[in-house]
Number of protein chains: 2
Amino acid sequence: MEKKNIWELNRVGVEEFRAQEKTPLTLVLDNVRSLNNIGSMFRTADAFGIRRLLLCGICAVPPSPEIHKTALGAEESVEWLYFSTTAQALAWLRERNTTLCCLEQVKESVMLQDFEVEQGREYALVVGHEVDGVDQAVVDECDVCIEIPQCGTKHSMNVAVSAGVAMWHFFSRLGISNS
Amino acid sequence: MEKKNIWELNRVGVEEFRAQEKTPLTLVLDNVRSLNNIGSMFRTADAFGIRRLLLCGICAVPPSPEIHKTALGAEESVEWLYFSTTAQALAWLRERNTTLCCLEQVKESVMLQDFEVEQGREYALVVGHEVDGVDQAVVDECDVCIEIPQCGTKHSMNVAVSAGVAMWHFFSRLGISNS
């Protein structure tokens, strides 16, 4: 089992990436504080061909050396927009006929493994602040809440890891044919 | 959709966590450099009730303030062992009748979504160094290589994110009934 070399990985250039068909998922960052986490989500969004990132509120935006440290250039390939409030980002997505999902632990959540994605539909997934999660007012604006089940002592995961797990769910069902 | 409060999350204590049935997966860290990444994998392992972590080679071990920063206490709940070489860790797992999987991009890899996990079997998953990935000699010792398909400009993901995606694959098939 020989490791693939750089050519065998079929990496695409930035222009080619932008022209590629995308996983129909917009990742919305509701006031994510850590630049490491923002950069890491850019990197995963690049890997899974995510439509775009919407950076909202206190989120830092590229260009930023701190974002670059974990994005490693993915902030150049992945489309992104900034909104001063997450409510504005959701309104912008609503106008584009997007199903608004939120990644949170709420009373009426759908567990990730049970969340069925539909071909032809456009989705957004909102992830939240490292300590406070997604703001309740933002949760209230969403169509559905998706929860990653957990059985541990913390009942909380790093936002970049949980966003990665959820992006994988969408990519493996809607985008993988492009890979 | 009201956010769950701290009591509704059903967090378990450390002793209760240790007594709980586990996801039959050992995560093996082959010379992972970043203490942030090690801590983050502890946190995800806690969330998904992973059997244990094996820290190998240059991996730092708890107690460590840097690991704690991202593990947030999960280094107290999740069982871990240190081996000076990954080869020793794999030999230890072999004696325990474990199927050795490696998370790498190799020529004969099985794509994650196609990797079928079997009830009743004990698994290990090896993840590698931030730049060099899993060492080829370690890859050679494994029974199977699992690859996360990617379509981006980097063709590489953060090790804590990719380990999280892969742990989710095992947890959602073998461990979720405990959650």
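Rules of the game
- Residues numbered from 1 in each chain as written.
- Chains lettered and ligands numbered in written order.
- Predicted model: local features only at pLDDT ≥ 70, side-chain atom pairs only at ≥ 80, totals over all residues.
- Heavy atoms only, no water.
- Helix = DSSP H or I, 4+ residues; strand = E, 2+ residues; numbered from the N terminus.
- Rg over C-alpha atoms; globule rule 2.2 N^0.38 Å.
- Buried < 20%, exposed > 50% of the residue type's maximum accessible area, 1.4 Å probe, protein only.
- Lys, Arg positive; Asp, Glu negative; His and termini not counted.
- Charge placed at Lys NZ, Arg CZ, Asp CG, Glu CD.
- Arc of directions from axis to C-beta.
- Contact = heavy atoms within 4.5 Å.
- Buried area = accessible area lost by both parts, 1.4 Å probe.
- Salt bridge = Lys/Arg side-chain N within 4 Å of Asp/Glu carboxyl O.
- pLDDT = per-residue confidence, 0-100.
- Phe/Tyr/Trp six-rings, centres within 6.5 Å; stacked < 30°, edge-to-face > 60°.
- Lys NZ or Arg CZ within 6 Å of the ring centre and 35° of its normal.
- Least-squares fit on C-alpha atoms with pLDDT ≥ 70 in both.
- Core = buried A, V, L, I, M, F, W, Y, C linked by side-chain atoms within 4.5 Å.
- Axes fitted to C-alpha atoms, helices over the stretch in contact; angles between N-to-C directions.
- Parallel < 35°, antiparallel > 145°, perpendicular 65-115°, else oblique.
- Left-handed = near helix turned anticlockwise from the far one by under 90°.
- Pairing = 2+ DSSP bridges.

Some details on the overall build of chain A
Tallying secondary structure elements over chain A gives seven helices and seven strands in all. Mapped from its N terminus to its C terminus, chain A presents α and β elements in the order α-β-α-β-α-α-β-α-β-β-β-α-β-α. Against the globule reference of 16 Å for 179 residues, chain A gives a C-alpha radius of gyration of 16 Å, in line with a compact fold. With 179 residues in all, chain A has 60% of them scored as buried. Across chain A, the mean location of the 16 positive side-chain charges is 4 Å away from that of the 25 negative side-chain charges.

Overview of helix 5 (residues 86-95) of chain B
All names here are of chain B. Inspection of helix 5 places Thr86, Ala89, Leu90, Trp92 and Leu93 among the buried residues, and these make up the whole buried set. The arc that holds every buried residue of helix 5, seen down its axis, measures 160 degrees, which confines them to one face. Residues Ala87 and Glu95 are exposed on helix 5 and point more than 90 degrees away from its buried face. Taken together, the buried residues of helix 5 touch strand 1 (23-30), strand 2 (50-56), strand 3 (80-83), strand 4 (99-103), strand 6 (123-127) and helix 6 (136-141).

Notes on the interface of chain A and chain B
Taken together, the 67 residues of chain A in the interface contact 67 residues of chain B. Three residues stand out in chain A for area buried against chain B, namely A:Met1, A:Lys3 and A:Cys151, and they jointly supply 16% of the buried area on that side. The interface formed by chain A and chain B holds eight salt bridges in total. Among the ionic pairs, A:Lys107 bridges to B:Glu2, the shortest N-O distance being 3.5 Å.

Focus on the confidence of the model for chain A
Taken over all residues, the pLDDT of chain A has a mean of 96, while the share at 70 or more is 99%. Across the interface, the model reports ipTM at 0.97; the global pTM reads 0.97.

With respect to the packing of aromatic side chains
Considering all chains together, one arrives at 14 aromatic pairs over all chains under this definition. Judged by centre distance (5.8 Å) and plane angle (50 degrees), the rings of A:Phe115 and A:Phe170 are tilted. Of this pair, A:Phe115 sits in the loop between strand 5 (110-111) and strand 6 (123-127) while A:Phe170 sits in helix 7 (residues 159-175), and the two are 55 residues apart along the sequence. The buried category is assigned to A:Phe170, whose relative accessible area is 0%. Connected via pairs of aromatic rings, a cluster forms that spans A:Phe48, A:Trp168 and A:Phe171. Looking at B:Lys22, its charged tip hangs above the ring of B:Phe17, at a distance of 4.7 Å from the centre. The ring centre of B:Trp92 lies 3.9 Å from the NZ or CZ of B:Arg96, which sits over that ring.

Points about the relation of the copies chain A and chain B
Turning chain A through 180 degrees and shifting it by 0.0 Å along the axis lays it on chain B, with an RMSD of 0.0 Å. Both chain copies can therefore be described as sitting about a two-fold axis. An overlap of 100% is found between the interface residues of chain A and their copies at the interface of chain B, pointing to a shared contact surface.

Comments concerning the nonpolar core
Counting residues in each nonpolar core, the largest one holds 90 residues, and the members touching the most others are A:Leu29 and B:Leu29. Residues contacting B:Leu29, with those up to four places away along its chain left out, are B:Ile38, B:Met41, B:Leu53, B:Leu54, B:Leu55, B:Cys56, B:Cys59 and B:Val127.

Side note on the packing of helix 2 (residues 35-47) of chain B against helix 7 (residues 159-175) of chain B
Residue and element names in this part refer to chain B. With their axes 9 Å apart at the nearest point, helix 2 and helix 7 run at an angle of 15 degrees to one another. Taken together, the axes of helix 2 and helix 7 are roughly parallel relative to one another. Remark: the crossing between helix 2 and helix 7 carries right-handed chirality. Each of Asn37, Ser40, Met41, Thr44, Ala45 and Ala47 in helix 2 lies in contact with helix 7, whose residues at this interface are Val159, Ala160, Ala163, Gly164, Met167 and Phe171.

Regarding the pairing of strand 4 of chain B
All names here are of chain B. Burial within strand 4 is extensive, with five of its five residues counted as buried. Here strand 4 shows two buried faces, one formed by Thr99, Cys101 and Leu103 and the other by Leu100 and Cys102. Here four bridges tie strand 4 to strand 6, and the two strands are oriented parallel to one another. Paired with Cys102 across the strands is Val126, a residue of strand 6.

As for the sheet that holds strand 5 of chain A
All names here are of chain A. One open sheet accounts for seven strands, arranged 3-2-1-6-4-7-5; its pairing is parallel. Strand pairing shows two members of the sheet lacking a second neighbour, strand 3 (80-83) and strand 5, which therefore form its edges. Alignment of strand 4 (residues 99-103) against strand 7 (residues 144-147), held across three bridges, turns out to be parallel. When the bridges of strand 7 are listed, Cys102 appears paired with Cys145. Lying over the sheet, helix 7 contacts strand 1 (23-30), strand 2 (50-56), strand 4, strand 6 and strand 7, oriented at roughly 165 degrees with respect to strand 1.

A word on the sheet that holds strand 3 of chain B
Backbone-to-backbone hydrogen bonds join strands into a sheet, with any given pair of strands oriented parallel or antiparallel. Residues and elements named next belong to chain B. One open sheet holds the seven strands; their spatial order is 3-2-1-6-4-7-5, and the pairing between them is parallel. In the strand order of this sheet, the two ends are held by strand 3 and strand 5 (110-111), each with one partner. Note that strand 1 and strand 6 share five bridges and pair parallel. Bridge assignment links Thr26 to a residue of strand 6, and that residue is Ala124. Contacts from helix 5 reach strand 1, strand 2, strand 3, strand 4 and strand 6 within the one sheet, and its direction differs from that of strand 2 by about 150 degrees. Packed onto the sheet, helix 7 meets strand 1, strand 2, strand 4, strand 6 and strand 7 (144-147) and runs at close to 165 degrees relative to strand 1.

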